Amino acid sequence: KTFTFNPFSENTYVIYDDTKEAYIVDPGNFQSTESQQLFQFIEGEGLKVKNILLTHAHIDHILGLQWAYDTYKVPVLMHEIDKELLDKAPESALRFGFNFQAFVGDVSFLNEGDVLVLNDTKVMPARILGTKEDTGAVIELLMLKETSKDTWEVLSKPAKRIKIGTVVNFSDKLSAECVGLGEE
């Protein structure tokens, strides 16, 4: 499930499976109404949050981190290289004209090649970068699951740049075309 939160229009994801175990990815909820929306979805689906994942620690991706940590009392997983960004978040927030308290909680580091398991579901280490054929804009795809031969469900970043028919080139021998859009 995707939520678009905060003045930066950041995407927060809740990834879950049939067993109801879940990850919150990039908790960007800033306003209390956004936190309530996220909480109500998780409670309404009967989900048990296993971890909070940070793709990186830019301020827009961590605005709801303390709330998520305090609410679900689960470890935060991130790459070690972003720890300095997380620690300097209050300074970063000031550059955007608002106050932000430093995160206080448990952080564990992910390393290249780590596999995250959500019960019997795996998040594959398959994040690839490409460029849009028509504009050359950089697009990042996270391969979620193969839905049929040579057709995959993916998360794209930035998502708003992908439309049906968009072609993304990864090399001179590999490209992808968007054939459908999922729910926000």
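In what follows, the accompanying structure is described. From a predicted model like this one, the values you see are computed outputs, not experimental measurements.

**A short note on the packing of aromatic side chains**
Geometry of an aromatic ring pair is reported as the spacing of the ring centres plus the angle between the planes. A complete count under the given rule lists 8 aromatic pairs for this structure. Here the aromatic rings of Phe 3 and Phe 41 are separated by 5.6 Å at their centres, their planes lie at 75°, and the arrangement is edge-to-face. Remark: Phe 41 occurs in helix α1 (residues 32-44) and Phe 3 occurs in strand β1 (residues 2-5); sequence separation between them is 38 residues. Summarising the burial analysis for this pair, Phe 3 and Phe 41 share the class buried. Judged by centre distance (5.3 Å) and plane angle (80°), the rings of Tyr 69 and Phe 103 are edge-to-face. Of the two residues, Tyr 69 sits in helix α3 (residues 65-72) while Phe 103 sits in the loop between α5 (89-95) and β6 (107-110), which places them 34 residues apart along the sequence. A relative accessible area of 15% means that Tyr 69 is categorised as buried. Of the aromatic side chains, those joined through ring pairs into one cluster are Phe 3, Phe 5, Tyr 16 and Phe 41. Positioned above the aromatic ring of Phe 3, the side-chain terminus of Lys 1 is 5.7 Å from the ring centre.

**Remarks on the nonpolar core**
Among the nonpolar cores identified, the biggest contains 29 residues, and Val 14, Ile 42, Ile 59, Ile 62, Leu 65 and Phe 100 are the most heavily contacted of them. At the level of elements, β1, β3 (21-25), α1, β4 (48-53), α2 (59-62), α3, β5 (76-79) and α5 are the ones that each hand at least two residues to this core. Those residues in contact with Val 14 that lie beyond four places of it in its chain are Lys 1, Phe 3, Ala 22, Tyr 23, Leu 38, Phe 41, Ile 42 and Leu 47. Formed by 7 residues, the second largest nonpolar core is a distinct cluster that contains Tyr 23, Val 25, Leu 77 and Leu 118.

**Describing the pattern of salt bridges**
Any two side chains of opposite charge can pair, given that their charged atoms come close. Summed over the entire model, instances satisfying the criterion amount to 5 salt bridges. Across the pair Lys 50 and Glu 21 runs a salt bridge whose closest N-O atoms are separated by 3.9 Å. In this pair, Lys 50 sits in strand β4 while Glu 21 sits in strand β3, placing the two residues 29 residues apart along the sequence.

**Focus: the environment of Tyr 16**
Within the secondary structure, Tyr 16 is located in strand β2 (residues 10-16). Distance in space between the C-alpha atoms of Tyr 16 and Leu 155 is 14 Å, their sequence separation being 139 residues.

**What to know about the sheet that holds β3**
The strand order across the open sheet built from 6 strands is β1-β2-β3-β4-β5-β6, with neighbouring strands paired in mixed fashion. Across the chains shown, the open sheet's two edge strands, defined by having one partner strand only, are β1 and β6. Between one strand axis and the next, the sheet turns through 25° on average, direction left out of account. Note: β2 against β3, 4 bridges, orientation antiparallel. Counterpart to Tyr 16 in the pairing with β3 is Ala 22. Together, β1, β2, β3 and β4 form the strand contacts of α1, whose direction differs from that of β1 by roughly 170°.

**With respect to the pairing of β4**
Across 5 bridges, the pairing between β3 and β4 is parallel. The residue bridging Val 25 from the neighbouring strand is Leu 53, located in β4. With α1 bridging β3 and the parallel β4, this β-α-β connection has right-handed handedness. By the bridge criterion, 2 bridges tie β4 to β5 in an arrangement that is parallel. From the neighbouring strand, Ile 52 faces β5, where its bridge partner is Val 76.

**Points about the sheet that holds strand β9 (residues 127-132)**
As summarised here, the arrangement of the 5 strands in space is β11-β10-β9-β12-β13, forming an open sheet in which the pairing is antiparallel. Strand pairing shows two members of the sheet lacking a second neighbour, β11 (151-157) and β13 (175-177), which therefore form its edges. The sheet shows a mean angle of 40° between the axes of neighbouring strands, direction not considered. Direction of pairing for β9 relative to strand β12 (residues 167-169): antiparallel, over a ladder of 2 bridges. Among the inter-strand pairings, Lys 132 is bridged to a residue of β12, identified as Val 168.

Reading guide: rules and limits
Residues numbered from 1 in each chain as written. Predicted model: local features only at pLDDT ≥ 70, side-chain atom pairs only at ≥ 80, totals over all residues. Heavy atoms only, no water. Phe/Tyr/Trp six-rings, centres within 6.5 Å; stacked < 30°, edge-to-face > 60°. Helix = DSSP H or I, 4+ residues; strand = E, 2+ residues; numbered from the N terminus. Buried < 20%, exposed > 50% of the residue type's maximum accessible area, 1.4 Å probe, protein only. Lys NZ or Arg CZ within 6 Å of the ring centre and 35° of its normal. Core = buried A, V, L, I, M, F, W, Y, C linked by side-chain atoms within 4.5 Å. Contact = heavy atoms within 4.5 Å. Salt bridge = Lys/Arg side-chain N within 4 Å of Asp/Glu carboxyl O. Pairing = 2+ DSSP bridges. Axes fitted to C-alpha atoms, helices over the stretch in contact; angles between N-to-C directions. Right-handed = clockwise from strand over helix to strand, strands pointing away.

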